[in-house]
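A look at the structure
Here's the letter readout for the chains.
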Amino acid sequence: MATVELTTENFDKVTGGDGIVLVDFWASWCGPCLRFAPVYDRASEKHEDIVFGKVDTEDQVELAARYDIRSIPTLMALRDGVIVFAQPGALPESAVESLISQVRALDMDDVRKQLAEHAAHEH
């Protein structure tokens, strides 16, 4: 599956559903982003059940601000609409594969429980 261009219009719809969505925050002037792009594209070909989104931070300033993206590339992973990973830096292919395995292995009931507990402690 090819990568999907994410914008403020479609971001919540694409990332809010069930399943796994990876998001690559990038910009055309960013060398590491351009080097990471083929790694990301290859992963998208291998994992057809995962949505691989890309956010051009130059075009989508609002999305970059919403997620406090300070360094690019930043890779974010969501599962069932919950952000389970976000980290700046271009990852090597092995790390992308490892991340995908870890996200697949998550117990989402446990993740939601931890989020609820965390939210309760903040109030």
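For the structure itself, look to the data block above.
Now for a look at the structure at hand. What you see is a predicted model; the values in this text were computed from it and never measured. (Residues numbered from 1 in each chain as written. Predicted model: local features only at pLDDT ≥ 70, side-chain atom pairs only at ≥ 80, totals over all residues. Heavy atoms only, no water.)

Here we look at the pairing of strand E5 (residues 82-88)
Here strand E4 (residues 74-79) runs beside E5; their pairing, made up of six bridges, is antiparallel. Residue pairing in the sheet places Leu78 in a bridge with Ile83 of E5. Linking E4 back to E5 in an antiparallel pair, the connection comprises two residues, with Asp80 at a positive phi of about 50 degrees. (Pairing = 2+ DSSP bridges. Helix = DSSP H or I, 4+ residues; strand = E, 2+ residues; numbered from the N terminus.)

A look at the state of the cysteines
Applying the stated criterion across every chain, the model contains one disulfide. Here Cys30 connects covalently by a disulfide to Cys33, the sulfurs 2.3 Å from one another. Here Cys30 and Cys33 share a disulfide; its torsion about the S-S bond, 80 degrees, makes the bridge right-handed. The class of Cys33 is buried, set by a relative accessible area of 1%. (Disulfide = S-S within 2.5 Å. Buried < 20%, exposed > 50% of the residue type's maximum accessible area, 1.4 Å probe, protein only.)

Structural notes on the environment of Arg66
Note on placement: Arg66 falls in helix H3 (residues 61-66). Apart from the residues within four sequence positions on either side, Arg66 is in contact with Phe11 and Asp12. (Contact = heavy atoms within 4.5 Å.)

Side note on the side chain of Arg79
Relative to the elements of secondary structure, Arg79 occurs in strand E4. Asp80 is the oppositely charged side chain nearest to the buried, salt-bridge-free Arg79, at an N-O distance of 4.2 Å. Polar contacts involving the side chain of Arg79 include one to the main-chain carbonyl oxygen of Arg104, which spans 3.0 Å. Looking at Arg79, its side chain comes within polar contact range of the main-chain oxygen of Leu106, at 2.9 Å. If sequence neighbours within four positions are ignored, Arg79 has contacts with Gly19, Ile20, Val84, Val103, Arg104, Ala105, Leu106 and Met108. (Lys, Arg positive; Asp, Glu negative; His and termini not counted. Salt bridge = Lys/Arg side-chain N within 4 Å of Asp/Glu carboxyl O. Polar contact = N/O pair within 3.5 Å; in protein donor to acceptor, adjacent residues only side chain to side chain.)

Thoughts on the packing of aromatic side chains
Taken as a whole, this structure holds four aromatic pairs when the rule is applied. Between the aromatic rings of Phe11 and Tyr67, the centroid separation amounts to 5.3 Å while the plane-to-plane angle is 40 degrees, which identifies the pairing as tilted. Here Phe11, found in helix H1 (residues 11-15), pairs with Tyr67, found in the loop between H3 and E4; they are 56 residues apart in sequence, far enough to count as distant. On the basis of relative accessible area, Phe11 is assigned to the buried category, the value being 0%. Owing to a relative accessible area of 22%, Tyr67 belongs among the partly exposed residues under this scheme. Aromatic pair Phe25 and Tyr67: ring centres 6.3 Å apart, planes at 50 degrees, arrangement tilted. Here Tyr67 lies in the loop between H3 and E4 and Phe25 lies in strand E2 (residues 20-26), a separation of 42 residues in the sequence. One aromatic cluster is present, formed by Phe11, Phe25 and Tyr67 through successive ring pairs. A cation over an aromatic ring shows up here: Lys54 above the ring of Trp26, its NZ or CZ 5.3 Å from the ring centre. (Phe/Tyr/Trp six-rings, centres within 6.5 Å; stacked < 30°, edge-to-face > 60°. Lys NZ or Arg CZ within 6 Å of the ring centre and 35° of its normal.)

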